[in-house]
Number of protein chains: 2
Amino acid sequence: MAGSLRVMVESIKPSVDGGRFAIKRLEGETVKVTCDAFADGHDVVVAALLYKGAKDKEWNEVRMQALGNDHWEAAFTVSQLGFYLYTVEAWIDHFITWQNGFRKKMEVGQAPDLELLIGATLIDEAVSRAKPAEARRLAQIAKLMREGPLLQDKLGAGLSDELTRLMARNPDRSEASKHLPELRARVEPVKAGFSTWYELFPRSWSNEAGKHGTFKDVEKKLPAIRNMGFDVLYFPPIHPIGEEKRKGKNNSLIAGPFDPGSPWAIGSKLGGHTAIHPQLGNLKDFKQLVKKARDLDMEIALDFAIQCAPDHPWVKEHPEWFNWRPDGTVQYAENPPKRYEDVLPINFETKHWKSLWEELKSIVDHWITQGVRIFRVDNPHTKAFPFWEWLIEEIHKKNPDIIFLAEAFTRPRLMYRLGKIGFTQSYSYFTWRNTKTEFIEYINELTQTEVKEFYRPNFWPNTPDILMPGLQHGGRPAFIMRYVLAATLSGNCGIYGPAFELLWNEAHPGKEEYTNNEKYEIRSWNWDAPGNLKDFLTLMNGIRNDHSSLQSMDEIGFYYIDNDQLLAYLRRSPDGKDALLVIVNLDPYNAQSGWVQVPCQELGLNETGYEAHDLLSGSRYTWQGT
Amino acid sequence: MAGSLRVMVESIKPSVDGGRFAIKRLEGETVKVTCDAFADGHDVVVAALLYKGAKDKEWNEVRMQALGNDHWEAAFTVSQLGFYLYTVEAWIDHFITWQNGFRKKMEVGQAPDLELLIGATLIDEAVSRAKPAEARRLAQIAKLMREGPLLQDKLGAGLSDELTRLMARNPDRSEASKHLPELRARVEPVKAGFSTWYELFPRSWSNEAGKHGTFKDVEKKLPAIRNMGFDVLYFPPIHPIGEEKRKGKNNSLIAGPFDPGSPWAIGSKLGGHTAIHPQLGNLKDFKQLVKKARDLDMEIALDFAIQCAPDHPWVKEHPEWFNWRPDGTVQYAENPPKRYEDVLPINFETKHWKSLWEELKSIVDHWITQGVRIFRVDNPHTKAFPFWEWLIEEIHKKNPDIIFLAEAFTRPRLMYRLGKIGFTQSYSYFTWRNTKTEFIEYINELTQTEVKEFYRPNFWPNTPDILMPGLQHGGRPAFIMRYVLAATLSGNCGIYGPAFELLWNEAHPGKEEYTNNEKYEIRSWNWDAPGNLKDFLTLMNGIRNDHSSLQSMDEIGFYYIDNDQLLAYLRRSPDGKDALLVIVNLDPYNAQSGWVQVPCQELGLNETGYEAHDLLSGSRYTWQGT
């Protein structure tokens, strides 16, 4: 410790858990940094924000603005993917301190000569720090202050803007205090913050009932899905499905001879996590699908589910990664009294965790090599957190654009920890938020607290695992309402289709689950069933694509509306150029009406009359008042 | 990093700036610690609070209580002065996990045999960790579970309370996660939180007008001050006063031949910070005064002002600690355009800061050796923060009971930083809080935010430097009102006397300062002036001494009263045994009345009628309603 460092730097924001974790930003976004910086006494403090790409050698620097009360602010833009480092350095500027004092002293008529000498001495020191041209000029000024024939010129030189500027460019930072630890920002592609997902089981996408669908079948339907406005196509695991202990329809214990099994029971004699289930096609088919999708500006997202069917090759090759019971059998997954005999969990407490981690990373690397840029991670909260932190950091070292979506529906601390340790996007509690109060509270938690620095939600009205009561009973209006909410409250949203657009709502009685779940059987869809939501989804996603205000979660302001069934919020783009007022009827059974408080002044609207354009119906209304 | 550590420990509270600084507690107080702790998956997590005195080898431990949602709580008591360390360790309890699952499985009739074997294996492992007696018993139970003749006995053994208890005493903590950094608590004497200060200039305390007062004069008046209820007697610097550039009355530039100078212009040919101004007496007199005070349960607090008169011995002995100007003269203190020619500041940026720090510490050590336990530090915010942090920590290593009061009236971040780096008590903004809203806001900031963990205010209605407008114009009622506020809102308070109890209110016009300030002259007091507040102070301080609710800032709850000139608050002691309702009229000019909301239920009062005892007037009233 250098005891002579007099400047304190405190409370740098944004930071997550005191710098233990990185904040998140999208490529091109701005990081507005604030801190407190101060010194003892009355000397003038100057603070600079330092930032750089994690691999860069040199810091970039921007002087911070003093906001009063020792609070400072500056910003930098993150223009490249990967990690940035940032921190604050602050120091006492003895020259400015002198100059301010000198000015005050001259105003009250104190004697100038000794003061001029003190100032000139400070300039001498800057001469030794400055580049030649500036050094010469500074020396001239110091000489003038010492020896100038006219007092007026000497005073003028000491107070001149030129001197102030030259001295600001050549400060004495030998006693500067730099805040440690340096903080990190994880910079991710724009798609990390704005993506529209469509989940499908390829095996159900043949046009022929009962025939196993293939990558090629999906390939044919890519344009239709893209036309609906989706840009991420997510598949459940595409690997060989275990045959031992395979589950039958509706998760029954015994599979029939033609039951296809759950795609999440990964691995068989045909291979494990890097193999492809033969009935879907081969690697060439898959790579072609990825390419075709990319031609349409879509990405294929794969499922990364770290678990094994009992006949997964690892069970024999790496028994050290599993739990073995005293009778010599391997432990299957269970959450007592529930049993999942077709799935073996991995033992993350194994002494051989290093080889396990490397093998798991090699799977992700493998699929990246095949062209995959997005992974939906199955139940990450049931695998060790340190592993994910390591994996995502390792992957991002070479491929900082890779997106990981955490499919975790669990307790809040675990959800947030996954965001902190690097998951790009996360499933959320949106699915269980129903009332106006619930939405306002939840959105405020996500966008108005430090949660926004590390947790980027993805809002899903349905998934193969979740058919919420509202969709079971609310009919078509409920589906529309839930999608409008998802699509306008979050930059990232998604549906499980075609179940969603075909309004599938058959649930296990008393449960939030589909009956005849596609996880355990091949379904045949009536693709053009009447009342389907394809046109609505096309329209709604089109609005998302047209309006930058819907492409992030930066600005969501709730406004008063005098009806508890109506939720009103204003979305604005960070640059202020786009704004949308969204009003959602939370009651799928009845039309509702109410008076909304419109922030006319903020929107530059004339209160005496303005046009409201309903983007969904196309209608235009003349509204007035605020 | 051990990748197999699956438990995460987050958000330990209380902590200051993520553990950078210690929290503060008083001897005998409790530290209630909360944290989040969780693991991936469904395994049972157990958390323990670890704590110890900083010098102890072994951790003490208390199991934390799960509050739900991965939030945990436990508490420990700090029974010795100095630093404590505390942190949380958490681990997965595979036995409890097994036992819970086993119970559920048995309830639904799953096969028991393999489960019993798994449980017995976990017990085997505990046998190797347990002490002999417990190991033997555990081995018996495991054997019973494996080989018992009756299924019922085997099941019973696996689920028995005895086994649960034995296993909880012998957990497998090889994969436990300990939160780092360990956090620190600074434990200080009870007086750090409850003290009543009286500041006086000994030189004005002779009974003979114009005669320089002495320690012996003060000694005679100790009982009277103690009778008023004060237990800390604080003196401005008692060191030789500089003769060079000495200031005259009212801070005039030229001192007359009999002007005594400011005690803060420390040092002359007679000595520096370890010497005593001869006119006050000698070291023997001082030590006798300290002893007499302690006999009365009072402490003498000395002023520690790090600055020098121009004739302080250091200027010649240690020129390297001062700022020198180009003309070879030493820089005096200034805050342009103000100049303080009689005071030289120390240059904390000196390359010789180590020798400077040691010398300053030796001063504190010197006075501790003479019996001083309390230091009021003059303007600590104009000396380097790292110095104070080092000094206080060093002093507390040998003498953890030493109290440092920061006399800083400056910007908020500096005030709070001084608290964080170790000052026991701090001057506060109380002096400039006047309205009901201001008091409620300020007290809530001090007691309801993390500020309470590191900043312990001391409320002063007046000081030799500050005569606030309310006291200038409000007369006797204003003095009483300000003292009631100070004495009932803060565990620590103080006055500058006898100016206060004699209602001295002569100010420089337009300034918050006394005219004919005692800093620059010896004053002669009319000790028994009519209307003096001695009886009131005796009564008010007596109430403080009698009511533990007033001896900390732990519980201050404001209650509604329908008059903005009236401030009502309930004080309660941490143990709930003492409670006082305080109602203060903030208007010194008029009587005010209002209806107050009394928390009858909380206080166990019968709303239909209860007695209100006015402790100041002695009157008793029958109140009713809430």
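Just so it is clear, the model here is predicted, and its values are computed rather than measured. (Residues numbered from 1 in each chain as written. Chains lettered and ligands numbered in written order. Predicted model: local features only at pLDDT ≥ 70, side-chain atom pairs only at ≥ 80, totals over all residues. Heavy atoms only, no water.)

Colleague: Honestly, the overall build of chain A in this entry has me stumped. Any pointers?
Modeller: For chain A, the helix and strand inventory stands at 16 helices and 27 strands. If you line up chain A on its principal axes, its C-alpha atoms span 105 × 70 × 45 Å. Here chain A holds 626 residues, and 57% of them are scored as buried. Looking at chain A alone, contacts between residues at least 24 apart form 73% of all its contacts between residues at least 6 apart. By element, 50% of the accessible surface of chain A is carried by carbon and sulfur atoms, the whole surface being about 26,200 Å². A gap of 4 Å separates the mean positions of the 74 positive and 84 negative side-chain charges of chain A. (Helix = DSSP H or I, 4+ residues; strand = E, 2+ residues; numbered from the N terminus. Buried < 20%, exposed > 50% of the residue type's maximum accessible area, 1.4 Å probe, protein only. Contact = heavy atoms within 4.5 Å. Areas by Shrake-Rupley, 256 points an atom, 1.4 Å probe, with all protein chains shown as cover. Lys, Arg positive; Asp, Glu negative; His and termini not counted. Charge placed at Lys NZ, Arg CZ, Asp CG, Glu CD.)

Colleague: Could you clarify how one ought to interpret the relation of the copies chain B and chain A in this entry?
Modeller: Superposition of the two copies of the chain requires a rotation about an axis together with a shift along that axis. Least-squares fitting of chain B to chain A yields an RMSD of 0.1 Å, with the superposition described by an axial translation of 0.0 Å and a rotation of 180°. Both copies of the chain, as the preceding transformation shows, are related through a two-fold rotation axis. The rotation axis passes nearest to the C-alpha of B:G18 in chain B, at a distance of 3.1 Å. Looking at the interface residues of chain B, 100% of them are also at the interface in chain A, so both copies use one shared face. (Least-squares fit on C-alpha atoms with pLDDT ≥ 70 in both.)

Colleague: Can you walk me through the environment of A:H366 in this structure?
Modeller: With respect to the element layout, A:H366 can be found in helix 9 (residues 353–369). Look at A:H366 and you get partly exposed, because its relative accessible area is 22%.

Colleague: Would you take a moment to explain the pairing of strand 25 (residues 579–585) of chain A for this structure?
Modeller: Residues in a regular strand project their side chains so that they alternate between the two faces of the sheet. All names here are of chain A. The alternating pattern of strand 25 places L580, V582 and V584 on a buried face and A579, L581, I583 and N585 on a face that is not buried. In this sheet, strand 25 lies alongside strand 24 (residues 566–572) in antiparallel orientation, the contact comprising seven bridges. Residue pairing in the sheet places A568 in a bridge with I583 of strand 25. Between strand 24 and strand 25, which pair antiparallel one after the other, the connecting turn spans six residues, and G576 there sits at a positive phi close to 75°. (Pairing = 2+ DSSP bridges.)

Colleague: I would appreciate a short explanation of the side chain of B:E407 in the present structure.
Modeller: Residues and elements named next belong to chain B. Here E407 shows up in strand 19 (residues 403–407). A polar contact is formed between the side chain of E407 and the backbone nitrogen of N379, at a distance of 2.9 Å. Not counting chain neighbours up to four residues away, the residues in contact with E407 comprise R376, V377, D378, N379, P380, H381, Y427 and D465. (Polar contact = N/O pair within 3.5 Å; in protein donor to acceptor, adjacent residues only side chain to side chain.)

Colleague: Explain helix 11 (residues 412–420) of chain B here, please?
Modeller: For the α-helix, the turn length of 3.6 residues means that residues three or four positions removed from each other point alike. Within helix 11 of chain B, seven of the nine residues are buried, leaving the element largely enclosed by the surrounding structure. Directly after helix 11 of chain B, the chain includes B:G422, whose backbone phi takes a positive value near 130°.

Colleague: Got a minute to help me understand the interface of chain B and chain A in this structure?
Modeller: For an interface, size is often stated in terms of accessible area lost upon the parts coming together. Facing the 58 residues of chain B at the interface are 58 residues of chain A. Here chain B and chain A share an interface that buries about 5,100 Å² over both sides, 57% of which is from carbon and sulfur atoms. Here A:R417 makes a salt bridge to B:E10, at a shortest N to O gap of 2.9 Å. For the pair chain B and chain A, the number of links is 19 residue pairs in polar contact (both at pLDDT 80 or more). (Buried area = accessible area lost by both parts, 1.4 Å probe. Salt bridge = Lys/Arg side-chain N within 4 Å of Asp/Glu carboxyl O.)

Colleague: Just checking my understanding: could you explain unusual backbone geometry for this structure?
Modeller: Peptide bonds are, in most cases, trans, and in most cases residues other than glycine have a negative phi. Residues and elements named next belong to chain A. Cis geometry is found at the peptide bond from K13 to P14, where omega equals 0°. Along the chain, P14 falls in the loop between strand 1 (7–13) and strand 2 (23–26). A cis geometry characterises the amide bond from P336 onward to P337, with omega recorded as 0°. Within the fold, P337 resides in the loop between strand 15 (333–335) and strand 16 (338–340).

Colleague: What is the right way to look at the sheet that holds strand 1 of chain A in this model?
Modeller: Spatially, four strands are ordered 1-3-7-6 (chain A) in an open sheet, and the strand pairing comes out antiparallel. Lying at the two open borders of the sheet, with one neighbouring strand each, are strand 1 and strand 6 (65–68) of chain A. Neighbouring strand axes in the sheet, compared pairwise and without regard to direction, differ in orientation by 30° on average. Note that strand 3 (residues 30–39) of chain A and strand 7 (residues 71–77) of chain A share seven bridges and pair antiparallel. Bridging across to strand 7 of chain A, A:T34 finds its partner in A:E73. Running over the sheet, helix 11 of chain B touches strand 1, strand 3 and strand 7 of chain A and is turned about 75° from strand 3 of chain A. (Axes fitted to C-alpha atoms, helices over the stretch in contact; angles between N-to-C directions.)

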